[in-house]
Amino acid sequence: MVTVPTWLRRAVPDAQSLAGKGVGLNALEDVALAAGAAIGALDAVVRRQERWAGAWRQRLALAAAAATARQAGRVEDESALRDAVLLTRPGDNVGPAGRMLVAWRRLAARPAEDLLTEKNLAAVLEEFGYGQNDEVVSDLADELRQLAAGAGMVAILTGTFMAAERHGFGRAVGAWLADALLAQRSGWAHAMPLLGAEVALGSSPGRIRRSTTVTAAASIEDEADRAKSLLAAQARAALRAIDLSAELGRRADRLLAVAPKLRAKAADAVVEKLLSDDGLVASQEIAGMSDRGLRRLFDRLVDLGAVRELSGRPTFRIYGL
């Protein structure tokens, strides 16, 4: 288990405080240092490639989708979003908020190297509610490739949000793209949904569309403010992801400890699925396991303290770490 140094836990709130203060090179460097240290600590967890990493990423995706839905003025919380995806058949309409969760689950599940292809970008933008436009997707993909090839981490972070805004996309898309680029730049096999759950992500689109009479100093100030805000958000998100990894790691250890006691057919496959996703339903298709058998297995796992029932309902129940 990765232990976050005490100085870093103190530094991240300090970084948030600095992000709201006046511009200064030292202030920006301090925020960047905290963000870099937080991402470094997260990187140590990611590279362990734990068996429960899939559930970890999908739980982060759920949190990102819930925040995204709130920012879009929708009322669906994490439970409603989970229902929208898990209690529907493949291909069914999961609603606008449900499609946001599909977008964040896509980020968490697909190989990082495939996330920013034009085909995948087109699908993601549609899931976030934007119409199809092949020219815009192509231009956006080109901009992201240029950022990834030549920019530093701070420039990538701010440049990604600016690119999204230039093409008329909201902060949720900017957060999705920034998470994808971070994964590619860090050499991770899969992206971590981080920034989507942050409510404050840089300045508004209007701040990057000033008139030509704005002074260069004011423009620099805007860019520095944006960079500090985004870096502070990234630092907070990284620590939150590390804390969640510790929690899920403990729960996964309990599940793996009781797994040898399970006598049900296909129990091993069920355990792997629980380690790989946010939640499962008893109607999940698992070879060699009936709905009734799966319900009995889930009930036993709950009794053993190895999994939790996530819905709080007596029917249409959902189980996960």
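Whatever comes next refers back to the structure up there.
Report follows, based on the coordinates. Just so it is clear, the structure is predicted and the values come from calculations on it, not from any experiment. (Residues numbered from 1 in each chain as written. Predicted model: local features only at pLDDT ≥ 70, side-chain atom pairs only at ≥ 80, totals over all residues. Heavy atoms only, no water.)

**Some remarks on the packing of helix α5 (residues 95-109) against helix α9 (residues 171-186)**
In helix packing, the relevant descriptors are the interaxial angle and the interaxial distance, both defined with respect to the helix axes.
Alright, step 1. As a packed pair, α5 and α9 sit with axes 10 Å apart at the nearest point and diverge in direction by 10°. Between α5 and α9, the angle is such that the two are roughly parallel. Within the contact between the two elements, α5 uses Ala103, Trp104, Arg106 and Leu107 and α9 uses Ala172, Ala175, Trp176, Asp179 and Ala180.
Alright, step 2. Its residues assigned to classes, the contact of α5 with α9 shows 7 nonpolar, no polar and 2 charged. (Axes fitted to C-alpha atoms, helices over the stretch in contact; angles between N-to-C directions. Helix = DSSP H or I, 4+ residues; strand = E, 2+ residues; numbered from the N terminus. Parallel < 35°, antiparallel > 145°, perpendicular 65-115°, else oblique. Contact = heavy atoms within 4.5 Å. Nonpolar A, V, L, I, M, F, W, Y, C, P; charged D, E, K, R; others polar.)

**Re the pattern of salt bridges**
Alright, step 1. Applying the stated rule across the entire model yields 17 salt bridges.
Alright, step 2. Across the salt bridge formed by Arg51 and Glu272, the nearest N and O atoms sit 2.1 Å from each other. One end of the pair, Arg51, is in the loop between α2 (25-46) and α3 (53-71); the other, Glu272, is in helix α11 (residues 267-276), with 221 residues separating them in the sequence.
Alright, step 3. For Arg51, a relative accessible area of 46% puts it in the partly exposed group.
Alright, step 4. Here Glu143 and Arg166 are joined by a salt bridge, their closest N and O atoms 2.6 Å apart. Here Arg166 lies in helix α8 (residues 153-166) and Glu143 lies in helix α7 (residues 134-150), a separation of 23 residues in the sequence.
Alright, step 5. Residue class for Arg166 comes out partly exposed when judged on its relative accessible area of 48%. (Salt bridge = Lys/Arg side-chain N within 4 Å of Asp/Glu carboxyl O. Buried < 20%, exposed > 50% of the residue type's maximum accessible area, 1.4 Å probe, protein only.)

**With respect to a negative patch on the surface**
Alright, step 1. Taken together, the side chains of Glu118, Asp134, Glu135 and Asp139 define an acidic patch exposed on the protein surface.
Alright, step 2. Residue contributions to the negative patch peak at 3 residues, all from α7.
Alright, step 3. Relative to the helices and strands, Glu118 resides in helix α6 (residues 118-127). (Patch = residues over 30% accessible without salt bridge, like charges linked within 9 Å, V, L, I, M, F, W, Y side chains within 5 Å. Areas by Shrake-Rupley, 256 points an atom, 1.4 Å probe, with all protein chains shown as cover. Lys, Arg positive; Asp, Glu negative; His and termini not counted. Charge placed at Lys NZ, Arg CZ, Asp CG, Glu CD.)

**Quick look at the sheet that holds strand β3 (residues 318-320)**
Alright, step 1. Taken in spatial order, the 3 strands of this open sheet run β1-β3-β2, and their pairing is antiparallel. Only two strands of the sheet have a single partner each, and these edge strands are β1 (280-281) and β2 (308-309).
Alright, step 2. In this sheet, β3 lies alongside β2 in antiparallel orientation, the contact comprising 2 bridges. Pairing of Arg308 across the sheet is with Gly320, part of β3. (Pairing = 2+ DSSP bridges.)

**Here's the deal with the packing of aromatic side chains**
Alright, step 1. Overall, the coordinates contain 4 aromatic pairs when judged by the stated rule.
Alright, step 2. With a centroid separation of 5.9 Å and an interplanar angle of 65°, the aromatic rings of Trp52 and Trp56 are classed as edge-to-face.
Alright, step 3. Under the relative-accessibility criterion, Trp52 is labelled buried at 5%.
Alright, step 4. Seen from their ring centres, Phe298 and Tyr319 are 4.4 Å apart, and the 15° between their planes marks the pair as stacked. Taken together, the residues Phe298 in helix α12 (residues 291-303) and Tyr319 in strand β3 connect sequence positions 21 residues apart. Comparing Phe298 with Tyr319, the two get one shared label, buried. (Phe/Tyr/Trp six-rings, centres within 6.5 Å; stacked < 30°, edge-to-face > 60°.)

**Focus on the side chain of Arg105**
Alright, step 1. Its location among the elements puts Arg105 in helix α5.
Alright, step 2. Looking at Arg105, its side chain comes within polar contact range of the side chain of Asp277, at 3.1 Å.
Alright, step 3. For Arg105, the residues in contact, after removing those within four places along its chain, are Gln58, Ala61, Val85, Asp277 and Asp278. (Polar contact = N/O pair within 3.5 Å; in protein donor to acceptor, adjacent residues only side chain to side chain.)

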